[in-house]
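Here are the chains, one letter per residue:
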Amino acid sequence: MSKSIAPHGKHTRIPTLAEYDRLYRESIEDPRSFWGKQGERVTWFHPFHSVLDIDTEEVDFSWYQGGRLNVSFNCVDRHAAERPNKTAILWAGNEPGEYKHITYRELKHQVARLANVLKAKGVQKGDRVCIYLPMIPEAAYAMLACARIGAVHSVVFAGFSAESLRDRIIDAGCKVVITANEAPRGPKKVALKHIVDVAVDGLKVVESVLVARRTSTDVPMTVGRDTFLDEEMSRQRSTCPVEWMASEDPLFILYTSGSTGKPKGVLHTTAGYLIYTAMTHDLVFDLRPDDIHFCTADVGWVTGHSYIVYGPLCNGATSVMFESVPNYPDSGRIWSVVDDTKATILYTAPTALRALRRAGDDFVKKHSRKSLRLLGTVGEPIDPETWQWYHDVVGEQRCDIVDTWWQTETGGVLISPLAGVTPMKPGSATRPFFGVKPLLVDEAGAPIEWKQGTAIQGNLCLASAWPGQARTIWGDHRRFRETYFSKFPNLYFTGDGSTRDEDGDWWITGRVDDVLNVSGHRIGTAELESALAQNDAVAESAVVGYPHDLKGQGIYAYVVVKPEFKDQNADQIIGALKETVRHVIGPIATPDRITLVSGLPKTRSGKVMRRILRKVAHGQFTELGDITTLADPGVVEEIIAAAKKG
Ligand code: 7RM
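A quick note: this is a predicted structure, and the numbers were derived from the prediction, not measured. (Residues numbered from 1 in each chain as written. Predicted model: local features only at pLDDT ≥ 70, side-chain atom pairs only at ≥ 80, totals over all residues. Heavy atoms only, no water.)

Undergrad: Hey, could you run me through the pattern of salt bridges in this one?
TA: If the charged atoms of two oppositely charged side chains come close together, the side chains can form a pair. For the coordinates displayed, the defined rule picks out 44 salt bridges. One salt bridge connects Arg288 with Asp286, and the closest N-O pair in it is separated by 2.9 Å. Ionic contacts of the salt-bridge type, sharing partners, join the residues Arg13, Arg41, Asp282, Asp286 and Arg288 into one network. (Salt bridge = Lys/Arg side-chain N within 4 Å of Asp/Glu carboxyl O.)

Shown next, in the form of structure tokens:
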């Protein structure tokens, strides 16, 4: 493994690696005492009496029991009282030069107004509210307004289709949908309100649709259901008492893809999630009082929840919210936002870095970037070349890089260097965060023992509980248990593979299940196959991933068309299939390659041998392994020929 790079000195709470080691040991040996102390990071209305209770049989984790608190109070009110004029949200709009500073005082008023609107619409504690918004301050107001009154938000990424949105609204039973008339995104405008109209058509659960006016475009409004958010907010008062929630009351649902079935509604609760995101944001990024934290994620993903909204605001930091895309109007946009906002921390995805690197160093060098002191990555493995470019060109070798490994289900970062403390290795997420006990197991579930000086590889599991972990899947606790806690008994299975190197550092290699990671977005192959099935021409299909220069993984679909479509133009069919997937899931799921075949390689019991399809998609046409168990080994030849052709 590569040599490690020493971090650039530091001066705060975790001064040295030895201190990290000591605290880490403490956190593992006595988690209740360790996490009990972390409870002091937030303001309680009523103290907790028990740090952690676990029912292993039921897979029921309960953190900070007996406590009462409010997330909105912690992220807004206490800072509005102490530092009212500090910028909470620094909004960077779609057009260059378009900025808005929202102070903690203003944030409090807006959140209160929006909370009052929700109450006026009949939203009560425990009710679900769907948020389908672009990256505008209203997205944060809406999340915090839900938290304020104890409603559970379900943010749906505004790039998802009407059908995906509808499924999520139904699954969570959302009473209210908050959206915008339109979403500017680079040179385009997305007709969000129209998508919502299609999504909620005929749905009785949805009583109200609140429409933020992001542009001046008129949209049709359904009388009795739709109202404009700004008008509603201006009619409400700017104060709203908080609902004191129990520690384990639900905070939000966030849908994420798995290896089977429809996306799962991952549920996070109040105290543990807040404490964990605040603590990781503080220590991983070595947070300083004047930091300007620029995370380029969208609030539709967990990274936006934890490191644009909850972590930074709980810590009283300034959080940059970026509405546009990295290549609008050109590939220097991120660096121009860094300069304009004087961002000190930049947290982004390897897929964005690969694209920006390809655009050429001039775009970077045109901008100063001198405000930056720390760089972060998240979402997928980062290749060492991109890491080095980030370090040398973007950071001018001045900034440490934190490669943070985590998941929607983990709530916050689990494996990452601590800025200024942990020696870095390009491509490695290095060490576990406090209280986190990673473990590699083989296919049979046997733990693989690690010894200093030897590298091991296996399925990445977690052997401890941590406050930020998901508590259940909305409405389906059995699926929660089966997905995460049954493959390997008494361990949480991440779905990732990993190496642990000679020094004990962790290198996450990617998913080992049927989940793809396309440009940092999680997409299940089962979801893609069921989307393709909605096209009339499709008899059956199988989707696998393959290495893609820019996206990390590309989507490769093998499709068997029905006999009556066999004579049609292949390019036309392929175009239509791509359109179907865009329509059913959304543009991020568009297959990169589609190969039409007359059959899939199946075993005699009818199971698709994905191993073969994966190899062919990787461009490997020989040594496909044992194919004698296939019902029809002849299809392999045909698949190879078809793959070579297009
Ligand atoms: C935060 C987020 C989770 C999956 C996870 C991994 C992959 C995330 C890294 C990474 C290597 C990283 N949530 N992943 N971070 N792989 N190094 N630093 O991305 O639920 O959308 O995705 O992403 O495969 O299981 S997520």
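Undergrad: For this particular structure, what's the right way to read the pairing of strand E4 (residues 87-92)?
TA: Regular strands place side chains that alternate from one sheet face to the opposite one. Most of E4 sits out of view: 6 of its 6 residues are buried. Pairing between E4 and strand E5 (residues 99-103): 5 bridges, direction antiparallel. Residue pairing across strands places Leu90 opposite His101, the latter belonging to E5. (Buried < 20%, exposed > 50% of the residue type's maximum accessible area, 1.4 Å probe, protein only. Helix = DSSP H or I, 4+ residues; strand = E, 2+ residues; numbered from the N terminus. Pairing = 2+ DSSP bridges.)

Undergrad: Would you mind showing me how to read the state of the cysteines here?
TA: Covalent bonding between the sulfur atoms of two cysteines is what defines a disulfide. Taken as a whole and assessed by the stated rule, the structure comprises 0 disulfides. Free cysteine Cys130: the closest other cysteine sulfur is in Cys174, separated by 4.9 Å. Overall, Cys130 belongs to the buried group, its relative accessible area being 0%. (Disulfide = S-S within 2.5 Å.)

Undergrad: Honestly, the site of the ligand in this entry has me stumped. Any pointers?
TA: The environment of the ligand is made up of 17 residues, and the closest members are Asp403, Thr404, Thr408, Asp496 and Arg522. Contacts to the ligand include Asp403, whose side-chain N or O atom sits 2.7 Å from a nitrogen atom. Between an oxygen atom of the ligand and a side-chain N or O atom of Arg511, the distance comes to 2.9 Å. Look at the ligand: alone it shows 530 Å² of surface, and the protein chains cover 96% of it. Counting residues per element, the ones that place at least two in the shell around the ligand are helix H10 (302-314), strand E20 (400-404) and strand E25 (506-511). By residue class, the composition of the shell around the ligand is 6 nonpolar, 6 polar and 5 charged. (Near = heavy atom within 4 Å. Polar contact = N/O pair within 3.5 Å; in protein donor to acceptor, adjacent residues only side chain to side chain. Areas by Shrake-Rupley, 256 points an atom, 1.4 Å probe, with all protein chains shown as cover. Nonpolar A, V, L, I, M, F, W, Y, C, P; charged D, E, K, R; others polar.)

Undergrad: What is the right way to read the packing of helix H16 (residues 525-532) against helix H17 (residues 570-584) from this model?
TA: When two helices pack together, their arrangement is given by the angle between their axes and by how far apart the axes lie. One can describe the packing of H16 onto H17 by two numbers: an axis separation of 9 Å at closest approach and a directional angle of 115°. Crossing of H16 over H17 shows right-handed handedness. Every residue of H17 that contacts H16 at Leu528, Ala531 and Leu532 is listed here: Leu577, Thr580, Val581 and Val584. Looking at the contact of H16 with H17 residue by residue, the classes come out as 6 nonpolar, 1 polar and no charged. (Axes fitted to C-alpha atoms, helices over the stretch in contact; angles between N-to-C directions. Left-handed = near helix turned anticlockwise from the far one by under 90°. Contact = heavy atoms within 4.5 Å.)

Undergrad: Help me understand the sheet that holds strand E22 (residues 456-462) in this model?
TA: Paired through backbone hydrogen bonds, the strands of a sheet run either parallel or antiparallel to each other. Pairing within the open sheet is antiparallel, and its 4 strands lie in the order E21-E22-E24-E25. Every interior strand has two partners, whereas the edge strands, strand E21 (438-441) and E25, have only one. Between one strand and the next, the sheet's axes are offset by a mean angle of 45°, whatever the strand orientation. As defined by bridge partners, E22 adjoins strand E24 (residues 492-500) across 6 bridges and the pair is classed as antiparallel. Opposite Cys461, over in E24, you have Phe493 as the bridge partner.

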